[in-house]
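Geometric and topological summary
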Amino acid sequence: MKKISSIKDLPKWFNLDNYKCISSLTTDEIKIQIQIRRDMINGFEFINHTFNDNDNEILTFQYGGDDLNWKQIQQGDVILKKHKYSEKYKLSETKSKEDSIERYKNEVLNLKSSASISGVTSLMAYFHVKSLLVNKLIDEEKEHTNFKTELLEADIDIVKMKYKLQEHLSDVNIQIDLENNTDKEIVADLKKLLPMWREQLSIEEPEGILFSKQIDYEKVRPYKILPLLDLMIWELMTNQKIPLRVMTVALFPNAEKGETELKQTVIPLTKKLLSEDYRDLA
């Protein structure tokens, strides 16, 4: 990895003036900008670790001229948006139809969901059936599928536990009777059942989870975190390293913060915001 020596070695597209528009963003909009850049960084790191250094065509295709967000950053437009696969890879001729189908699927066919709760999709049901087939719990014939009699008679929830399948159990599929129960009753039941399920399935709560704070996002502007993230993306893409002294001058040309502050406050907060363990509590 090559280490640049001065601010003159930074990419020509980098200009702090391009980031003045961030001052008009809401907290939720700032979160989106961080999330998009986090996805870009994670995606590049995944490809960088998956493919050899010689696979330049793959890297360029994914994060070079064909990546709309990276192209946008290089053009000085730093307010990014989430692009669909079809937008990235030039399938614009079917985009309108795809958008219509996707919108119908999301608004009509799928339940509203959160990070921890979602409906059981047809794809999930398909893989469940495939799992039962692989483990010989059902037999597939030409016209239909025969379930083991004991499986039907037992009418059990946790098939994996009963048959000791070699699969990691990390979630539960449930049904909620909305018609005959109030929201207060359902929430009370969930609070009661969650610890029971964790004990029953030997699934502990994940450790190290940090819940987001408003004050952290209020520091994004003065700490110049979005331009810092864009320079981090540039480092990954070009396999170059920006020394702290150069990064400090690039982000704080008027000496608002020094190298020590960058190292001890700005960078740690940036890493925290990028972490998958830093989450919003709805």
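What you are looking at is a predicted structure, and each value in this text was computed from that prediction instead of being measured.

**Comments concerning the overall build of the protein chain**
Across its full length, the protein chain holds 13 helices and six strands. Buried residues in the protein chain amount to 29% of all 282 residues. Working note: accessible area of the protein chain is about 20100 Å², and carbon and sulfur atoms make up 51% of it.

**Quick notes on the confidence of the model for the protein chain**
In the predicted model, the protein chain carries a mean pLDDT of 80, and the fraction of residues at 70 or more is 72%. Helix H12 (residues 244–251) holds the highest mean pLDDT among the elements of the protein chain, 98, whereas helix H4 (residues 85–88) holds the lowest, 44. In this model, residues 56–66 is a region of pLDDT below 50 whose contacts with residues beyond four sequence positions or in other chains number 26 contacts. Long-range and interchain partners of residues 85–93, a stretch whose pLDDT sits below 50, account for 15 contacts in this model, where long-range means more than four residues apart.

**Structural notes on unusual backbone geometry**
Unlike most non-glycine residues, Lys-224 shows phi in positive territory, near 55°. Not every positive phi belongs to a glycine, and Asn-239 is a case in point at roughly 60°.

**Focus on the pattern of salt bridges**
When their charged atoms lie close together, side chains carrying opposite charge are able to pair. Enumeration according to the criterion identifies six salt bridges in this entry. We note a salt bridge from Glu-261 to Lys-257, for which the minimum N-O separation is 3.9 Å. Classification of Glu-261 by relative accessible area gives partly exposed; the value is 36%.

**Topic: the packing of aromatic side chains**
Applying the stated criterion across every chain yields a total of four aromatic pairs. Of the aromatic side chains, those joined through ring pairs into one cluster are Trp-13, Phe-14, Tyr-19 and Trp-70.

**Some details on the side chain of Gln-33**
Checked against the element boundaries, Gln-33 lands in helix H1 (residues 27–50). Of note is the side chain of Gln-33, whose polar atom sits 2.8 Å from the backbone nitrogen of Leu-80. Excluding anything up to four places from it in sequence, Gln-33 contacts Leu-25, Val-78, Ile-79, Leu-80 and Leu-226.

**A word on the nonpolar core**
The biggest cluster of nonpolar side chains holds 38 residues, and the ones touching the most others in it are Phe-14, Ile-34, Val-220, Leu-231, Ile-242, Leu-251 and Leu-273. Of all the secondary structure elements, the ones that give two or more residues to this core are H1, helix H3 (68–74), helix H11 (225–238), H12 and helix H13 (259–274). Sort the elements by how many residues they give to this core and H11 lands first, with seven residues.

The rules behind each value
- Residues numbered from 1 in each chain as written.
- Predicted model: local features only at pLDDT ≥ 70, side-chain atom pairs only at ≥ 80, totals over all residues.
- Heavy atoms only, no water.
- Helix = DSSP H or I, 4+ residues; strand = E, 2+ residues; numbered from the N terminus.
- Buried < 20%, exposed > 50% of the residue type's maximum accessible area, 1.4 Å probe, protein only.
- Areas by Shrake-Rupley, 256 points an atom, 1.4 Å probe, with all protein chains shown as cover.
- pLDDT = per-residue confidence, 0-100.
- Contact = heavy atoms within 4.5 Å.
- Salt bridge = Lys/Arg side-chain N within 4 Å of Asp/Glu carboxyl O.
- Phe/Tyr/Trp six-rings, centres within 6.5 Å; stacked < 30°, edge-to-face > 60°.
- Polar contact = N/O pair within 3.5 Å; in protein donor to acceptor, adjacent residues only side chain to side chain.
- Core = buried A, V, L, I, M, F, W, Y, C linked by side-chain atoms within 4.5 Å.

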